[in-house]
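The chain contents come next:
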Amino acid sequence: MAQTYTGSTLTITLTKSLIGRHKDHIATAKSLGLTKIGQTVTQPNNEATVGKINKINYMLKVEE
């Protein structure tokens, strides 16, 4: 069943280094706009963003 998302946004912070990670995990972080530890971005709360977060959740801190 498809999950519905409100028009809210997510604040995403990179908490761990990208060094030594799988190439697809690095690419996912960069597609979210994260390149440095401690960097924070705001992304829309939609299925694409949630899927990216789920892939690299061990390196992120997410707040709604």
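Residues numbered from 1 in each chain as written. Predicted model: local features only at pLDDT ≥ 70, side-chain atom pairs only at ≥ 80, totals over all residues. Heavy atoms only, no water.

**Looking at the environment of Met59**
For clarity, the threshold we go by: Strands are runs of DSSP state E lasting at least 2 residues, helices are runs of H or I lasting at least 4, and numbering of each runs from the N terminus. Contacts: residue pairs with any heavy atoms within 4.5 Å of one another.
Positionally, Met59 belongs in the loop between α2 (47-55) and β3 (60-63). In contact with Met59, other than residues within four places in its own chain, are Thr13, Leu14, Thr15, Lys16, Ser17, Leu18, Arg21 and His25.

**Topic: the pattern of salt bridges**
Note the cut-off: Within this document, salt bridges are pairs made up of a side-chain nitrogen of Lys or Arg and a carboxyl oxygen of Asp or Glu, the two lying within 4 Å of each other. Buried means the residue's accessible area, taken with a 1.4 Å probe over protein chains only, is under 20% of the maximum for its type, while exposed means over 50%, and partly exposed covers the values in between.
Tallied over the full model, the rule gives two salt bridges. Across the pair Lys55 and Asp24 runs a salt bridge whose closest N-O atoms are separated by 3.2 Å. With Lys55 in helix α2 and Asp24 in helix α1 (residues 23-31), this residue pair connects regions lying 31 residues apart in the sequence. The class for Lys55 is partly exposed, based on a relative accessible area of 39%.

**Quick word on the sheet that holds strand β1 (residues 9-14)**
We count it as follows: Being paired, for any two strands, means DSSP has found at least two bridges between them. The angle between two axes is taken between their N-to-C directions and runs from 0 to 180 degrees, where each axis is a line fitted to C-alpha atoms and a helix contributes only its stretch in contact.
Overall, antiparallel pairing links the three strands, which are arranged β2-β1-β3 in an open sheet. Strand pairing shows two members of the sheet lacking a second neighbour, β2 (40-44) and β3, which therefore form its edges. Strand-to-strand twist of the sheet, defined as the mean angle between neighbouring strand axes without regard to direction, takes the value 25°. Bridge analysis of β1 against β2 gives five bridges, and the strand direction is antiparallel. By the bridge assignment, Thr11 is partnered in β2 with Thr42. Lying on the sheet, α2 is in contact with β1, β2 and β3; it crosses β1 at an angle near 25°.

**Digging into α1**
The cut-off we apply is this: Read the arc as the range of directions from the helix axis to the C-beta atoms.
By the burial criterion, the buried members of α1 are His25, Thr28 and Ala29. Viewed along the axis of α1, the buried residues span an arc of 100°, placing them on a single side of the element. The exposed residues of α1 that point more than 90 degrees off its buried face are Lys23 and Lys30. Gly33 occupies a position one or two residues after α1 and carries a positive phi of about 95°.

**Notes on the nonpolar core**
Rules: We call a set of buried residues a nonpolar core when its members are Ala, Val, Leu, Ile, Met, Phe, Trp, Tyr or Cys and they connect through side-chain atoms within 4.5 Å of each other.
Counting twelve residues, the largest nonpolar core consists of Leu10, Ile12, Leu14, Leu18, Ala29, Leu32, Leu34, Val41, Ile53, Ile56, Met59 and Leu60. For this core, the element with the most residues is β1, which contributes three residues. Setting aside its immediate chain neighbours within four residues, Ile53 contacts Leu10, Ile12, Leu60 and Val62.

From the geometry alone we can't say anything about function, so treat these as descriptive.
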